[in-house]
Amino acid sequence: MALNKWINLNQRVVIVTGGSSGIGAHIVSDLLENNAQVIVADIQLPDAASHATGVDYRLCNIIDRTSFKKFVDDIYRQHQRINGLVNNARVNRARSLVDYYSETPQYQLSDDDFDFIMRVNQKRPFIFTQEVARVMIRQKQGAVVNIFSEAGIEGSKRRSCYSATKAAVHSFTLSWAKELGAFGIRVVGVAPGINEPTPMWDAKHREALAYTRGMKATNIDEDYSQKIPLGRQGKLDEITNLVTWLLFNKSSYITGTTINITGGGKSRG
Ligand SMILES: NC(=O)c1ccc[n+]([C@@H]2O[C@H](COP(=O)([O-])OP(=O)(O)OC[C@H]3O[C@@H](n4cnc5c(N)ncnc54)[C@H](O)[C@@H]3O)[C@@H](O)[C@H]2O)c1
């Protein structure tokens, strides 16, 4: 990693939610390479063969405050510090507001979809950050990185609920930075756009994505040269490099803002 020699997280204790797969798993690897102590909180754990050596994987449903409070207490007891939190876990269901052609009722946004997406994507960063901030306030130091999505700023067709939760996290970022700055705690948002597929992209995911793009599941690739000024999708490593840097002291005057990492492009439309 290019940042390896420049950044040394020096055994800082960092929690990554949703770190078992996708972008979260990349963030975990990069933090490890840069000498952090990483704890993953995820509702599912990778199989043992895919465990990154040295990572403390813990099963944790982040919408359950009691289990999360215990999780934070345990980590603090063990390490006597929590220096970083990456709010990365998410869920998504591709849904339209109205099934106007009565063709795909299963894709019309239901109350259950709404509650499920809000609970994980919006309520969960609140619970996590509140509990971790209690520790960071005591130690007068810490950094919180909220991963959300460029779709939260631009909006996204057939992903209105997901996008709304991401916009909420953007707003949390701005407000929490104002509340926590006095205690030496930084809060920064990272908003990726269109990226290379993560390992979670199975047939079901591709079908849902094709639905949001109005395409066939067999052909969901787009012409990025028209849509993204840099002419390509983002690489997962490009996102993780930014996150690692934001957790490190060399970004010590950055807080209360969101950094788009989109190659200059807009969301999927
Ligand atoms: N993949 C992209 O192209 C893209 C684009 C823009 C933004 N993002 C954002 O980046 C972040 C990571 O995206 P990804 O594509 O890697 O996601 P993903 O769906 O591949 O992984 C999400 C992780 O969250 C975990 N999770 C879900 N519900 C949970 C719960 N209740 N408790 C604990 N863990 C839970 C899952 O088990 C999974 O490991 C998300 O916040 C997403 O909104 C991703």
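It should be noted that the structure appears before, not after, this text.
Thresholds applied
Residues numbered from 1 in each chain as written. Predicted model: local features only at pLDDT ≥ 70, side-chain atom pairs only at ≥ 80, totals over all residues. Heavy atoms only, no water. Helix = DSSP H or I, 4+ residues; strand = E, 2+ residues; numbered from the N terminus. Buried < 20%, exposed > 50% of the residue type's maximum accessible area, 1.4 Å probe, protein only. Contact = heavy atoms within 4.5 Å. Pairing = 2+ DSSP bridges. Axes fitted to C-alpha atoms, helices over the stretch in contact; angles between N-to-C directions. Polar contact = N/O pair within 3.5 Å; in protein donor to acceptor, adjacent residues only side chain to side chain. Expected span 1.5 Å × (residues − 1). Near = heavy atom within 4 Å. Phe/Tyr/Trp six-rings, centres within 6.5 Å; stacked < 30°, edge-to-face > 60°. Lys NZ or Arg CZ within 6 Å of the ring centre and 35° of its normal. Right-handed = clockwise from strand over helix to strand, strands pointing away. Core = buried A, V, L, I, M, F, W, Y, C linked by side-chain atoms within 4.5 Å.

Asks: Can you walk me through the side chain of Thr 244 in this structure?
Replies: Among the structural elements, Thr 244 can be located in helix α8 (residues 236–247). The exposure class assigned to Thr 244 is buried, which follows from its relative accessible area of 0%. Filtering out sequence-adjacent residues up to four positions away, Thr 244 remains in contact with Ile 7, Leu 9, Asp 30, Leu 31 and Asn 34.

Asks: Got a minute to help me understand the sheet that holds strand β2 (residues 37–42) in this structure?
Replies: Within a sheet, adjacent strands bond to each other through the backbone by hydrogen bonds, running parallel or antiparallel. Taken in spatial order, the seven strands line up as β3-β2-β1-β4-β5-β6-β7 in an open sheet, and their pairing is parallel. With partners counted over all chains shown, the strands left at the sheet margins are β3 (56–59) and β7 (257–261), one partner each. Strand after strand, the sheet turns through a mean of 20° between neighbouring axes, direction not considered. Pairing analysis gives five bridges linking strand β1 (residues 13–17) to β2, with the strands arranged parallel. Pairing of Val 14 across the sheet is with Val 38, part of β2. Strands β5 (142–147), β6 (185–192) and β7 of the sheet are contacted by helix α5 (residues 160–180), whose axis makes an angle of about 160° with β6. Taken strand by strand, α8 contacts β1, β4 (84–87), β5, β6 and β7, and its axis lies near 170° from that of β6.

Asks: Please clarify how the environment of Arg 90 should be interpreted in this entry.
Replies: Counting through the fold element by element, Arg 90 comes out in the loop between β4 and α3 (111–139). Arg 90 has contacts with Val 120, Asn 121, Arg 124, Tyr 162, Lys 166 and His 205, leaving out every residue within four places of it along the chain. Of note is the side chain of Arg 90, whose polar atom sits 3.1 Å from the side chain of Tyr 162.

Asks: What is the right way to read helix α1 (residues 22–33) from this model?
Replies: Quick reminder: α-helices carry 3.6 residues per turn. Residues three or four places apart thus point the same way. Look at α1: 17 Å from first C-alpha to last across twelve residues, which is about the 16 Å you get at 1.5 Å a residue. Among the residues of α1, Gly 22, Ile 23, Gly 24, Ile 27, Val 28, Asp 30 and Leu 31 are the ones counted as buried. In the core, the buried residues of α1 are packed alongside β1, β2, β4, β5 and α8. Positive phi shows up at Asn 35, right after α1, with a value of about 75°.

Asks: I tried to follow the site of the ligand on my own but got confused; where do I start?
Replies: With respect to spatial proximity, 25 residues lie near the ligand, and among them Ser 21, Ile 23, Asp 42, Asn 88 and Tyr 162 are the closest. Backbone polar atom of Ile 23 to an oxygen atom of the ligand: 2.7 Å apart, as the coordinates give it. At 3.4 Å from an oxygen atom of the ligand is found a main-chain nitrogen or oxygen belonging to Ile 147. Within the residue set of the shell around the ligand, elements represented by two or more residues are α1 and α5.

Asks: Would you take a moment to explain the packing of aromatic side chains for this structure?
Replies: How two aromatic rings sit relative to each other is given by the distance of their centres and the angle of their planes. On inspection of all chains with the given rule, the structure shows five aromatic pairs. Ring geometry for Phe 68 versus Phe 71: centroids 5.3 Å apart, planes at 25°, classification stacked. In this pair, Phe 68 and Phe 71 are both assigned in helix α2 (residues 65–79), three residues apart and thus about one turn of the helix distant. The burial state of Phe 68 is the same as that of Phe 71; both residues are buried. Centroid distance Phe 172 to Trp 176: 4.6 Å. Interplanar angle 10°. Geometry classified as stacked. Pair noted here: Phe 172 and Trp 176 are both in helix α5, with a separation of four residues, about one helical turn. Of the residues examined, Phe 172 reaches a relative accessible area of 22% and is grouped as partly exposed. Among the residues examined, Trp 176 registers a relative accessible area of 12% and is labelled buried. Clustering of aromatic rings is evident, with ring pairs tying together Phe 68, Phe 71 and Phe 128. Positioned over the ring face of Tyr 76 is Arg 138, at 5.0 Å from the centre of the ring.

Asks: Is there a simple way to think about the pairing of β2 in this case?
Replies: The buried fraction of β2 amounts to five of the six residues, a majority that puts the element mostly inside the structure. At this point the chain moves from β1, through α1, to the parallel β2, and the crossover so formed is right-handed. By the bridge criterion, four bridges tie β2 to β3 in an arrangement that is parallel. Among the inter-strand pairings, Asp 42 is bridged to a residue of β3, identified as Leu 59.

Asks: Would you explain the nonpolar core in this entry?
Replies: A general feature of soluble globular proteins is that nonpolar side chains tend to end up buried together. With 26 residues, the main nonpolar core has Val 16, Ile 27, Leu 31, Val 86, Val 190, Val 243 and Leu 247 as its most contacted residues. Of all the secondary-structure elements, those providing two or more residues to this core are β1, α1, β2, β5, β6 and α8. The greatest single-element share of this core, amounting to six residues, is contributed by α8. Setting aside its immediate chain neighbours within four residues, Val 243 contacts Ile 27, Val 86, Val 145, Ile 147 and Val 190. In terms of nonpolar packing, the next biggest core, distinct from the first, is built from 25 residues, Ile 39, Ile 75, Val 135 and Ala 177 among them.

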